[in-house]
Amino acid sequence: MTSPGGLLATTPIGSRAEAEGYVAMVCFKHGPPRLYGVELEWTVHHAEDPHRPLDAGQLSKALGEHAPATLVRGSPQLPLSRGALVTVEPGGQVEISGPATDSIPRLIDDTAADAAELTSLLLDAGLVPGRYGLDPFRPPRRILTVPRYAAMERAFQRLGPHGPRMMCSTAGLQVCLDAGDSDQTALRWRALHDLGPALVALFANSRRRAGADTGWASARTQATFGTCAPFTEPPPLDADPAAAWARTAMEAPVLCLRRGETWDAPTGLTFGAWADGALPGDRPTYDDLDYHLSTLFPPVRPRGYLEVRYLDAQPGDGWIAPTLLLTALMAAPLDQVLAAAEPAAGRWFPAAREGLKDRLVLRAARDVVALGTAVLDRTGADPELTAAVATRLQRIVDNTQGRRAS
């Protein structure tokens, strides 16, 4: 088996510098923006009582041959009808992710069909997908027993309450975009981050947690940022995002040491230190490094493409509006995108706490919506759909402005 960089996955890494070079090479792939992807995640609840704890057996029965091996050992994990795979997060959240495509209309149609199929599977078992980015009814409870999540949970518990919440109670909408040509990558990286606060606020819907008002418009964002700060928080924006991300990956703690039955890593071990020989007789391999990268949860994660992770899950077909808005914005001139997002750039915490009640975040959201709706046709989506999305987005902004005026 070889790694994405062409190196033997089992080859030991000789130093932190070697590891950094590998990360910079594989996490940012350059080329014209062409492919799009979306991943939908939901908490799962009993239809008759959303407060009732989820049972792994009932969930595995509902998913049947589509269940992942993390839930049902030996499962074939067959894709849904349009190609999406179903995965399950530690608390029983379900997620679908289909193949990347160069057609946004196809992406919308296929994802909608697979989401409907998954919903039907759940309903047949007396279960329903949640409607929010954070479970508003139940405290976090891990139902997956695989070593990865056991080790991660123990590591996060040492840091505070947010890690278990992020692992077991949150659900997000992820939009995946190409990094772009090398001369545009840094700008696309910055644009996705500068847009973050406005988009977090526009689609925040996770105010309640375990039956209580958190005081945050997006308590999902609060939980994610608080899981393993600063590595789960927005990064400093560097002129060379690949090099900056490689440094971040080296300085982040190792959460899973895949040795034996228990994967707990020594407290305080970073990957850079491991690569430099901190564990005598145990050098990490490139496969270990790939696995480490999968345990990092920033707002935008580079994986050869850029995975936007900062949006709350939306109810029903509500995921279509943020997906079309974001893909349209990233097809617009980047200088216009940066100008629209600028009033709220960096205001992640005010956006997550106050939502569109924050004056600067609302100003940016208004400008971002105006720019995005003006270029929705660039997505190639059906005009009737883009018109409906534009109306919905404008209504969100107008309703907030009306409340502020009153």
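On a predicted model such as this, the values are computed, not experimentally measured, just so you know.

Undergrad: Even after reading the chapter, I still don't get the overall build of the protein, so can you show me in this structure?
TA: The helix and strand tally for the protein stands at 15 helices and 10 strands. Relative to the globule expectation of 22 Å for 406 residues, the C-alpha radius of gyration of the protein, 21 Å, shows essentially globular dimensions. Projected onto its principal axes, the C-alpha positions of the protein cover 65 × 50 × 40 Å. Residues counted as buried form 53% of the 406 residues belonging to the protein. Element-wise, carbon and sulfur atoms account for 51% of the exposed surface of the protein, whose accessible area totals about 16,600 Å². Across the protein, the mean location of the 40 positive side-chain charges is 6 Å away from that of the 46 negative side-chain charges.

Undergrad: Looking at this structure, I do not really get the pairing of strand β1 (residues 36–42). What am I missing?
TA: Two faces belong to every sheet, and in a regular strand the side chains alternate between them. Along β1, 7 of the 7 residues are buried, which leaves the element largely enclosed by surrounding structure. Bridge analysis of β1 against strand β6 (residues 172–177) gives 5 bridges, and the strand direction is antiparallel. The partner of V38 across the bridge, within β6, is V175. As judged from the 4 bridges shared by β1 and strand β4 (residues 94–97), these two strands associate in the antiparallel manner. The residue bridging L40 from the neighbouring strand is I96, located in β4.

Undergrad: How do you make sense of the pattern of salt bridges when you look at a structure like this?
TA: Tallying each qualifying case throughout the model produces 20 salt bridges. The partner of D264 in a salt bridge is R154, with the nearest N and O atoms 2.7 Å apart. Highlighted residues: D264 in the loop between α8 (241–251) and α9 (271–275) and R154 in helix α4 (residues 147–157), separated in sequence by 110 residues. Salt-bridge contacts for R309 lead to E307; the nearest nitrogen and oxygen are separated by 2.9 Å. Accessibility classification places R309 together with E307 in one group, the buried group. Taken together, the shared-partner salt bridges in this structure form one network comprising R258, R259, D282, D287 and D288.

Undergrad: Got a minute to help me understand the side chain of T295 in this structure?
TA: Secondary-structure assignment places T295 in the loop between α10 (286–293) and β9 (300–302). Under the relative-accessibility criterion, T295 is labelled buried at 4%. A distance of 2.7 Å separates the side chain of T295 from the backbone oxygen of H292, its partner in a polar contact. Residue contacts for T295: discarding those within four places in its chain leaves R148 and L255.

Undergrad: Explain the nonpolar core here, please?
TA: Among soluble globular proteins, nonpolar side chains are generally buried collectively. Of all hydrophobic cores here, the largest spans 118 residues; its most connected members are L59, L195, L199, L202, Y310 and L326. With 9 residues, helix α6 (residues 185–202) is the single largest residue contributor to this core. In this view, Y310 contacts L192, L195, G196, L199, V200, R220, T221, P299, V300, L326 and W348; residues no more than four positions away in its chain are not counted.

Undergrad: Explanation requested: the pairing of strand β10 (residues 306–312) in the structure shown.
TA: In terms of burial, β10 is a largely internal element, 7 of the 7 residues being buried. Pairing between β6 and β10: 5 bridges, direction antiparallel. Its bridge partner lying in β10, C176 is registered against E307. Sheet analysis places β9 next to β10, joined by 3 bridges and oriented antiparallel.

Undergrad: Quick question: what am I supposed to make of α10 here?
TA: Residues separated by three or four positions in an α-helix point in the same direction, a consequence of the helix having 3.6 residues per turn. Burial runs high along α10: 6 of the 8 residues are buried. Residues of α10 that are buried: Y286, D288, L289, Y291, H292 and L293. Structurally, α10 contributes buried residues whose contacts are with α1 (16–27), α4, α8, α9 and β9.

Undergrad: Would you mind going over the side chain of D288 with me for this structure?
TA: Checked against the element boundaries, D288 lands in helix α10. If sequence neighbours within four positions are ignored, D288 has contacts with R258, R259, F271, W274 and R283.

Undergrad: Help me understand the packing of aromatic side chains in this model?
TA: Aromatic rings in a pair are described by how distant their centres are and how their planes are angled relative to each other. In the structure shown here, the tally under the stated rule is 7 aromatic pairs. Ring centres of Y310 and W348 lie 5.3 Å apart, and the angle between their planes is 70°; on these two criteria the pair is classed as edge-to-face. A residue pair is termed long-range when its members are at least 10 positions apart, and Y310 in strand β10 and W348 in helix α13 (residues 348–354) qualify at 38 residues. There is no split in this pair, since Y310 and W348 are both buried. An aromatic cluster of at least three residues, connected via ring pairs, comprises F225, Y310, W348 and F349. Here R258 stacks its cationic end above the ring of Y291, 4.1 Å away from the centre of that ring. Over the ring of W216 we find R353; its NZ or CZ atom is 5.6 Å from the centre of that ring.

Undergrad: Looking at this model, I keep getting lost on the packing of α6 against helix α12 (residues 334–341). Mind explaining?
TA: Relative placement of two packed helices is described by the angle separating their axes and the distance separating the axes. Where α6 meets α12, the closest approach of the two axes is 9 Å, and the angle between their N-to-C directions is 25°. The angle between α6 and α12 falls in the class roughly parallel. Judged by the sense of rotation from one axis to the other, the crossing of α6 with α12 is left-handed. Across the interface between the two elements, L187, R188, R190, A191, D194 and L195 from α6 touch L334, V337, L338 and A341 from α12. Of the residues assigned to the contact of α6 with α12, the class counts are 7 nonpolar, no polar and 3 charged.

Each value, and the rule that gives it
- Residues numbered from 1 in each chain as written.
- Predicted model: local features only at pLDDT ≥ 70, side-chain atom pairs only at ≥ 80, totals over all residues.
- Heavy atoms only, no water.
- Helix = DSSP H or I, 4+ residues; strand = E, 2+ residues; numbered from the N terminus.
- Rg over C-alpha atoms; globule rule 2.2 N^0.38 Å.
- Buried < 20%, exposed > 50% of the residue type's maximum accessible area, 1.4 Å probe, protein only.
- Areas by Shrake-Rupley, 256 points an atom, 1.4 Å probe, with all protein chains shown as cover.
- Lys, Arg positive; Asp, Glu negative; His and termini not counted.
- Charge placed at Lys NZ, Arg CZ, Asp CG, Glu CD.
- Pairing = 2+ DSSP bridges.
- Salt bridge = Lys/Arg side-chain N within 4 Å of Asp/Glu carboxyl O.
- Polar contact = N/O pair within 3.5 Å; in protein donor to acceptor, adjacent residues only side chain to side chain.
- Contact = heavy atoms within 4.5 Å.
- Core = buried A, V, L, I, M, F, W, Y, C linked by side-chain atoms within 4.5 Å.
- Phe/Tyr/Trp six-rings, centres within 6.5 Å; stacked < 30°, edge-to-face > 60°.
- Lys NZ or Arg CZ within 6 Å of the ring centre and 35° of its normal.
- Axes fitted to C-alpha atoms, helices over the stretch in contact; angles between N-to-C directions.
- Parallel < 35°, antiparallel > 145°, perpendicular 65-115°, else oblique.
- Left-handed = near helix turned anticlockwise from the far one by under 90°.
- Nonpolar A, V, L, I, M, F, W, Y, C, P; charged D, E, K, R; others polar.

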